[in-house]
Amino acid sequence: MNPWPYPRLFAHRGGGSHAPENTLAAVRLGLSLGYRACEFDVKLSADGEPWLMHDSTLERTSDGRGSAGVADWAALSRLDAGTWHSASFAGEPPPRLEAVARAIRASDGMANVEIKPMPGREGETGRVVAQACVRLWQSAAEPPLLSSFSRESLEAARAAAPDLPRGWLVETPGEEDFAFLDAVGAASLHCSHKAVTPSLVARVHAGGRRLLAWTVNDPGRAEDLLALGVDGLFTDSLLVFAGRFPDYR
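Report follows, based on the coordinates. (Residues numbered from 1 in each chain as written. Predicted model: local features only at pLDDT ≥ 70, side-chain atom pairs only at ≥ 80, totals over all residues. Heavy atoms only, no water.)

## What about the overall build of the chain?
- Within the chain, the secondary structure is distributed over 9 helices and 9 strands.
- Against the 2.2 N^0.38 benchmark of 18 Å for 249 residues, the chain shows a C-alpha radius of gyration of 17 Å, consistent with a compact globule.
- Across its three principal directions, the C-alpha atoms of the chain cover 45 × 40 × 35 Å.
- Classification of the 249 residues of the chain by burial places 58% in the buried group.
- Within the chain, residue pairs in contact and separated by at least 24 positions form 57% of the contacts whose partners lie at least 6 positions apart.
- With the model as given, the accessible surface of the chain reaches about 10,200 Å², and the carbon-plus-sulfur share is 50%. (Helix = DSSP H or I, 4+ residues; strand = E, 2+ residues; numbered from the N terminus. Rg over C-alpha atoms; globule rule 2.2 N^0.38 Å. Buried < 20%, exposed > 50% of the residue type's maximum accessible area, 1.4 Å probe, protein only. Contact = heavy atoms within 4.5 Å. Areas by Shrake-Rupley, 256 points an atom, 1.4 Å probe, with all protein chains shown as cover.)

## Details of the pairing of strand β9 (residues 232–235)
- Of the two faces of β9, both are covered, the one formed by Gly-232 and Phe-234 as well as the one formed by Leu-233 and Thr-235.
- Here 3 bridges tie strand β1 (residues 9–11) to β9, and the two strands are oriented parallel to one another. Bridging across to β9, Leu-9 finds its partner in Leu-233.
- For the crossover from strand β8 (residues 210–214) across helix α8 (residues 219–228) to β9, the handedness is right-handed. (Pairing = 2+ DSSP bridges. Right-handed = clockwise from strand over helix to strand, strands pointing away.)

## Digging into α8
- Buried within α8 we find Pro-219, Ala-222, Leu-225 and Leu-226. Seen along its axis, α8 keeps its buried residues to an arc of 120°; they face one direction.
- In this structure, the buried side of α8 is in contact with β8, β9 and α9 (238–244).
- Measuring from the backbone nitrogen of Gly-220 back to the side-chain oxygen at the start of α8 gives 3.2 Å, which picks out Asp-218 as the cap.
- Positive phi appears at Gly-229, one or two residues downstream of α8, with a value of about 100°. (Arc of directions from axis to C-beta. Polar contact = N/O pair within 3.5 Å; in protein donor to acceptor, adjacent residues only side chain to side chain.)

Rendered as structure tokens:
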């Protein structure tokens, strides 16, 4: 297998359960706890700005309402993306990808950028996010790992930035997923930890790729997965895992 620069533990959505997901505060918290790699979700505003948000609607993680893809960045930047989590994060705005990239690079961290397109904008989102990552991580020691559940997004990312590593996201891998790994030149397969078996680990490694599992919050389960040879885990339990697996961050 090719050299793999990323650590075994990724801070899920930046700060796991300890900060409002996909915010600059979350990413800074994950980095402050010693995590060298943060995972987060990126989509496009109506006017094409890459910004951090998981859902296709705004209600769960902000004070906004409706679709996450119909407002321009000027309006989205004024949302409160912190109060839903806790009062201490009240007023925390959603960030642009550019701000998060600067914070990660300033801390010598690494990123797994999940491309999370709005329906109907899969190809555009993959292309724009990949191009932004090339620019924002120019001359970085390690490139960001691009991943997505969207085939069209990952194919567009490959066309726009062929040198950036790619990961294919799927809950439970099937034969068609292994074919797509080859078609898109993926460096890694990311799946639910519930789908991991010794035979899956062996097959992924035999293809020269890495296997990453999400979302693992139980330390005992993490130990089992690491013993099987899983190459990376995404966790919300940042404090617990930092104490239990300090060398894997």
